[in-house]
Amino acid sequence: MARQGKLELTWVGKDERPRLEPRILVEDPARSYGDPKAENILIFGDNLLALKALEQEFTSKIKCIYIDPPYNTGSAFTHYDDGLEHSIWLSLMRDRLEILRQLLTSDGLIFCSIDNTELFYAGVLFDEVFGRKNRIELFVWKKSYGGGAKSRYVVNQSEFILCYAKEIEQVPPLFLPPDEKALRYYKYKDEHFETRGAYRLQPLATTSNDERPNLRYPIKYKDQNIWPEKQWQWSEERVKKALDANGIVFTERNGKITVSYKQYLRDEEGEERQTKPTSIIDGFYTQHGTYESVALFGQENKFQFPKPEGLLHYLLLMATNSGDWVLDSFAGSGTTGAVAHKMGRRWIMIELGEHCHTHIIPRLQKVIDGTDQGGISKAVNWHGGGGFKYYRLAESLLVRDKDLSTKDAPVYLINPRYNEKMLIQAICKIENFHYRNDGRLHGVSSESRFLHVTTNLITQTYLDSLAEDIGLDQSLLIYCTRRRSNFEMPENIEIKLIPRDLLAKCDFREDA
């Protein structure tokens, strides 16, 4: 029997996976802005560690993810080192995509902007992480309407957007509202105007060569039968229903009779008519993004090659509804969050570069204040409101003791910058308990399993006292730094030591 395998992409270092420490997030109220009850989140720090920090709370909660990762072009941009070697780039992407997939809702979508440098590798990588069957589309984004004077071979006017679902069977059909140009043709009114809006005329006959005998029949008009040149779009039964509802229009011109149907702005249930997205996205150019950036930050401080707000608006209209969570883990100048905010979506952005402070925060402040009237503001009638919370990644929970450590035998201790609450929250994350600020049972993972963290010495008296806090059908995990050697240990209590048992869980690297 032939050996079975799978199609996959290989690269140097693929099997080397980091054992990530799930860091806690520490809010900096001085940098948070607007409504203190706002749920929107801006995180300053490494996006891989930040995604790991979000995993516990946001698994299966994010409706739409948009990422614009480094394209690996070999160019050194102002805000990014974009020259990673292919294998490093693939590992960087794989590690992040695996967590991003966990964060998506079952019907969620991820969009990834990419150019032709890594497009083909990225496509195979997405197939591997998300499953080839979950590929929605490869969008071609026409990024420019000119240029190319310095091109050696071909004028490149496009980039690409990979779109994958977490579970394609759960994704409903994708629609967009009719665009402004299309709305101009809805200029006629009849007795259904109040419920269905204006209408436009569409030809009932089709030029399709897909011959279906049941769609070729005569339609009675006055004293004659009107036959299609090939066939009608609708069944005879549907046409009769439309005739009774005054939904068919006959036009006589130069001795020829044309049959049209009324296409209303809203369907029979009163829902606004929508259109299908197309695989070629046109009308939102890099130049627009540059103009928006100059208006926000000035010519000298503009962000290089930002995506225009209209492009993100197009994608979020397709994939989200009001109130949905949107995530961008390569936030750049903050376009995704700005657009999501104006559209009434909740958002999370992650950025490591200093432009988190020089570009993203000032931009979001203008959005919240309503003074940013560029981009999509007028299209969505944006006048301000809302807010966001700013977080930074906490330092590693454990750090090397410089005095006691050797090259081959590192010694770890609790980071002295951690207070008691931070220590408890960090261990809750590592052990996948939900932190709760309620008495001595600091974390809960189910109705019957709890966590207690202490730096005190665990004695028999201490242990017996904790045992009184739980029932016989419940269990308790204790993390401590010191304990007596001899105990009468209840079967439903387990003791682990800091740092020894934490070191077995994940890597603690100060430079991560």
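Residues numbered from 1 in each chain as written. Predicted model: local features only at pLDDT ≥ 70, side-chain atom pairs only at ≥ 80, totals over all residues. Heavy atoms only, no water.

**Q** I tried to follow the nonpolar core on my own but got confused; where do I start?
**A** Ile67, Leu97, Ile110, Leu327 and Ile348 are the most contacted members of the largest nonpolar core, which totals 44 residues. Here this core takes eight residues from helix α2 (residues 86-103), the largest share from any one element. Contacts of Ile110, omitting those with residues within four sequence positions, involve Ile65, Ile67, Leu97, Leu100, Leu104, Phe126, Phe130, Leu162, Cys163 and Tyr164. In this structure, Leu42, Phe139, Leu174 and Leu176 belong to the second largest nonpolar core, which totals 36 residues. (Core = buried A, V, L, I, M, F, W, Y, C linked by side-chain atoms within 4.5 Å. Buried < 20%, exposed > 50% of the residue type's maximum accessible area, 1.4 Å probe, protein only. Helix = DSSP H or I, 4+ residues; strand = E, 2+ residues; numbered from the N terminus. Contact = heavy atoms within 4.5 Å.)

**Q** Honestly, the packing of aromatic side chains in this entry has me stumped. Any pointers?
**A** Enumeration according to the criterion identifies twelve aromatic pairs in this entry. Aromatic pair Tyr217 and Trp232: ring centres 6.5 Å apart, planes at 50°, arrangement tilted. Pair noted here: Tyr217 is in the loop between β9 (205-206) and β10 (219-221) and Trp232 is in strand β12 (residues 231-232), with a separation of 15 residues, a long-range link. Considered together, Tyr217 and Trp232 belong to a single accessibility category, that of buried residues. Among the aromatic residues, those joined into a ring-pair cluster are Phe126, Phe130 and Tyr164. The ring of Phe193 has Lys189 sitting right over it, with the charged end atom 4.5 Å from the ring centre. The positively charged end of Arg238 is found above the aromatic ring belonging to Trp234, 4.0 Å away from the centroid. (Phe/Tyr/Trp six-rings, centres within 6.5 Å; stacked < 30°, edge-to-face > 60°. Lys NZ or Arg CZ within 6 Å of the ring centre and 35° of its normal.)

**Q** Would you mind showing me how to read the layout of surface pockets here?
**A** Over the atoms rolls a probe the size of a water molecule, and in doing so it shows where empty space is left. Approximately 980 Å³ is the volume found for the largest pocket. Together, 29 residues line the largest pocket, and Asp179, Glu180, Phe284, His313 and Tyr314 are the ones closest to its centre. If you list the elements that add at least two residues to the lining of the largest pocket, you get α4 (180-183), β15 (280-281), α7 (286-297) and α8 (309-319). Considered class by class, the residues forming the lining of the largest pocket number 14 nonpolar, seven polar and eight charged. (1 Å grid on protein atoms, 1.4 Å probe; cavity = no way out; pocket = protein on both sides within 12 Å on 5 of 7 lines; lining within 4 Å. Points joined across faces, edges and corners; volume = space filled by probe spheres on them. Nonpolar A, V, L, I, M, F, W, Y, C, P; charged D, E, K, R; others polar.)

**Q** I'm lost on the pairing of strand β6 (residues 135-142) in this one. Help?
**A** Two faces belong to every sheet, and in a regular strand the side chains alternate between them. Pairing between β6 and strand β7 (residues 158-165): seven bridges, direction antiparallel. Residue pairing for β7: Lys142 is matched across the bridge by Ser158. Note that β6 and β15 share two bridges and pair parallel. Each bridged residue has a counterpart across the sheet, and for Trp141 the counterpart in β15 is Ile281. (Pairing = 2+ DSSP bridges.)

**Q** Please explain the sheet that holds strand β8 (residues 199-203) as it appears in this structure.
**A** The strand order across the open sheet built from three strands is β8-β14-β13, with neighbouring strands paired in antiparallel fashion. Edge positions in the sheet fall to β8 and β13 (248-253), since each has one partner strand and no second. Geometrically, the sheet is characterised by an average inter-axis angle of 40° between neighbouring strands, direction not taken into account. Note that β13 and strand β14 (residues 256-264) share six bridges and pair antiparallel. Looking across to β14, one finds that Val249 is bridged to Ser260. (Axes fitted to C-alpha atoms, helices over the stretch in contact; angles between N-to-C directions.)

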